[in-house]
Amino acid sequence: MTLLRILVAVPIIALTLLTAVRSDAKDAAEPKRPNVLFILTDDQRYDALSCMGHPHLKTPNIDRLADEGLLFKNHFCTTSLCSPSRASILSGLYAHTHGVTNNFTEYPSDMTSFPLRLQDTGYETAYVGKWHMGEGNDMPRPGFDHFVTHKGQGSYFDTEFNFNGNDRRVVKGYYTTVVTDMATDWIGDRDSDKPWLMMVGHKAPHSFYFPEEKYQKTFDDVDVQYPKSAFNLSDKPAWFRKRLDTWHGIYGPLFDWRKQFPDKSPEAVKDFARMVRAYWGTLLSVDDSVGRLYQFLEERGELDNTLVIFTSDNGLLEGEHGMVDKRTGHEPSIRIPLVVRYPGLTKQPRVIPQLTATIDFAPTILDVCHAEPLEKVHGSSWKRLAQGDTSGWRTSLYYEYNYESQFPYTPNVRALRTDRWKYIRYPHGDGSPDRHMAELYDLSVDPEEDTNLINVAEHAGTVRTLRAELDRLIAASGDGKPDSMPIDEGIQSGLPEESIR
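This text gives an overview of the structure that appears in the document. A quick note: this is a predicted structure, and the numbers were derived from the prediction, not measured.

## Notes on the pairing of strand 1 (residues 35-41)
With 7 of its 7 residues buried, strand 1 lies for the most part within the structure. Of the two faces of strand 1, the one holding Asn 35, Leu 37, Ile 39 and Thr 41 and the one holding Val 36, Phe 38 and Leu 40 are both buried throughout. Relative to strand 7 (residues 196-201), strand 1 runs parallel, the two sharing 5 bridges. Bridge pairing links Leu 37 to Met 198 in strand 7.

## Things to note about helix 2 (residues 60-68)
All buried positions along helix 2 are accounted for by Asn 61, Ile 62, Asp 63, Leu 65 and Ala 66. Elements in contact with the buried residues of helix 2: strand 2 (70-76), helix 8 (269-300), strand 8 (306-312) and strand 12 (338-341).

## Focus on the state of the cysteines
Evaluation of the coordinates by the stated rule reveals 0 disulfides. Free cysteine: Cys 82, not disulfide-bonded; nearest cysteine sulfur from Cys 77 at 9.9 Å. Among the residues examined, Cys 82 registers a relative accessible area of 0% and is labelled buried.

## Some thoughts on the layout of surface pockets
Computed from the structure, the largest pocket encloses a volume of approximately 520 Å³. Taken together, 27 residues form the lining of the largest pocket, with Arg 45, Asp 47, Pro 227, Glu 318 and Glu 320 sitting closest to its centre. The dominant element in the lining of the largest pocket, judged by the number of residues it contributes, is helix 8, at 4 residues. Taken together, the residues of the lining of the largest pocket sort by class into 13 nonpolar, 5 polar and 9 charged.

## Digging into the pattern of salt bridges
Tallied over the entire structure, the rule returns 38 salt bridges. As a salt-bridge pair, Arg 417 and Glu 331 come within 2.9 Å of each other at their nearest N and O atoms. One end of the pair, Arg 417, is in strand 15 (residues 413-418); the other, Glu 331, is in helix 9 (residues 331-334), with 86 residues separating them in the sequence. For Arg 417, a relative accessible area of 6% corresponds to the buried category. Among the residues examined, Glu 331 registers a relative accessible area of 4% and is labelled buried. For Asp 360, the salt bridge goes to Arg 394, with nearest N and O atoms at 2.8 Å. Taken together, the residues span a long stretch of sequence, with Asp 360 in the loop between strand 13 (350-357) and helix 10 (361-368) and Arg 394 in the loop between helix 11 (383-386) and strand 14 (396-401) at a distance of 34 residues. Neither residue differs from the other here; Asp 360 and Arg 394 are each classed as buried. One salt-bridge network, held together by shared partners, links Asp 43, Asp 325, Lys 326, Arg 327 and Glu 404.

## Thoughts on the environment of Val 170
Of note, Val 170 is situated in strand 6 (residues 167-174). As a C-alpha pair, Val 170 and Thr 159 span 11 residues in sequence and 5.4 Å in three-dimensional space.

## Observations concerning the packing of aromatic side chains
Inspection of every chain in the model, using the stated rule, returns 26 aromatic pairs. Taking 4.3 Å as the distance between ring centres and 15 degrees as the angle between the ring planes, the aromatic pair formed by Tyr 94 and Tyr 398 counts as stacked. Of this pair, Tyr 94 sits in the loop between helix 3 (82-91) and helix 4 (95-98) while Tyr 398 sits in strand 14, placing them 304 residues apart in sequence. Given a relative accessible area of 4%, Tyr 94 falls into the buried group. Among the residues examined, Tyr 398 registers a relative accessible area of 2% and is labelled buried. Measuring from ring centre to ring centre gives 5.7 Å for Phe 144 and Phe 147, while their planes differ by 45 degrees; the resulting arrangement is tilted. Owing to a relative accessible area of 9%, Phe 144 belongs among the buried residues under this scheme. Chaining the aromatic ring pairs together yields one cluster made of Tyr 156, Phe 157, Tyr 174, Phe 210 and Trp 257. We note Arg 169 situated over the ring of Phe 163; from NZ or CZ to the ring centre the distance is 4.0 Å. The lysine or arginine in question, Arg 190, covers the ring of Trp 186, its NZ or CZ lying 5.7 Å from the ring centre.

Calculation rules
- Residues numbered from 1 in each chain as written.
- Predicted model: local features only at pLDDT ≥ 70, side-chain atom pairs only at ≥ 80, totals over all residues.
- Heavy atoms only, no water.
- Buried < 20%, exposed > 50% of the residue type's maximum accessible area, 1.4 Å probe, protein only.
- Helix = DSSP H or I, 4+ residues; strand = E, 2+ residues; numbered from the N terminus.
- Pairing = 2+ DSSP bridges.
- Contact = heavy atoms within 4.5 Å.
- Disulfide = S-S within 2.5 Å.
- 1 Å grid on protein atoms, 1.4 Å probe; cavity = no way out; pocket = protein on both sides within 12 Å on 5 of 7 lines; lining within 4 Å.
- Points joined across faces, edges and corners; volume = space filled by probe spheres on them.
- Nonpolar A, V, L, I, M, F, W, Y, C, P; charged D, E, K, R; others polar.
- Salt bridge = Lys/Arg side-chain N within 4 Å of Asp/Glu carboxyl O.
- Phe/Tyr/Trp six-rings, centres within 6.5 Å; stacked < 30°, edge-to-face > 60°.
- Lys NZ or Arg CZ within 6 Å of the ring centre and 35° of its normal.

Here it is in structure tokens:
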């Protein structure tokens, strides 16, 4: 009887072992796909993090991501404007191809995106917070199973959100806290084994700046002055000086922080200081949010299988060259933070000095998530940079911005950024000679872009080389079409319409 039991049991054990081996082989052949937590701030300049050297703003939770993952030192947007940059993040394409060249255009309904591709390959996808493509539309967008947003800019306090197109209501509370609650609720309420994508769109630190009450006085004792570059404009294009008194200049209204303008008096710097301190204050709440999300995923046992990306859509000028806002080709405008944590990319913290850009997100995320790449992108996956392979990576990047009649304070901009050089030109828009003097900066000795070398004879050859490289990059991503742009109608002094500020 015992022998019979053994004979019966042997094939069952063998079958069980074979099944286990096959299962292990399948798991090895199909690597586990990570969740994705994509945290997007609005108008956060590259140095507005303590891990990037800010002297006053402390961001320990974001710094922890960098300490445990990747800190990208030279990350850029390809258009420093909310909607175009967000569309480039989703598509991996420059604005001239995806078509969202201003803040009033929807993401094309027939254009794919990395959330759509992840959704097609088995991910559950969600977006909560500021979307900002299509000012008056708060309805769900393709690519997301769960979609919560609002019209326009939203408010720092008590914003009206639209939940999946079914329920529009005011949610009481501070915006940053509210969207963090929404993100943790959705992740925590899931009953699926599918990997997930959660995109969190913060309002902070976009104007008008209103910190959470506990942070409203944090920086009151910090002395804030206009940057020295605001008064050193003699070698800069004339449009810099014309911009000084406008909506985007340091003597203008400063997003309502100055009520009487233009004001060039020395005492008026106090308005500028209050604005800058409020900007910093909103980011303290963002850091709190990152800490909450980190702890939430850690407690759920999901942290190490989640690709956490912290970044912004574009930068912001804080008085440099006499400017506020963004749009220009200068470093505070186009250079943005990027911090990434995912042990599946690297178990050792690493600083990435190479030039990366918003057009790299779509190809990278799909690469890390083992999804089919998009058929056409202008960016590249930086997965290999994270793993130490820098061979063949870009050594130059180009930037584009088109003149806006609604915000006529910045010309058409075409710029080239290399490891060492910045070259900026201002086309008129009709093929005639550039309307404004160009700019050239040697960033290796002039990181603040103080000294314009464009008319220094010894750099004439450098200008020709950089101009040729800029033209090459524009043509390479131009789909065989000429580089088109509106006519530069000049710097205007009037205020923008109140509803779009």
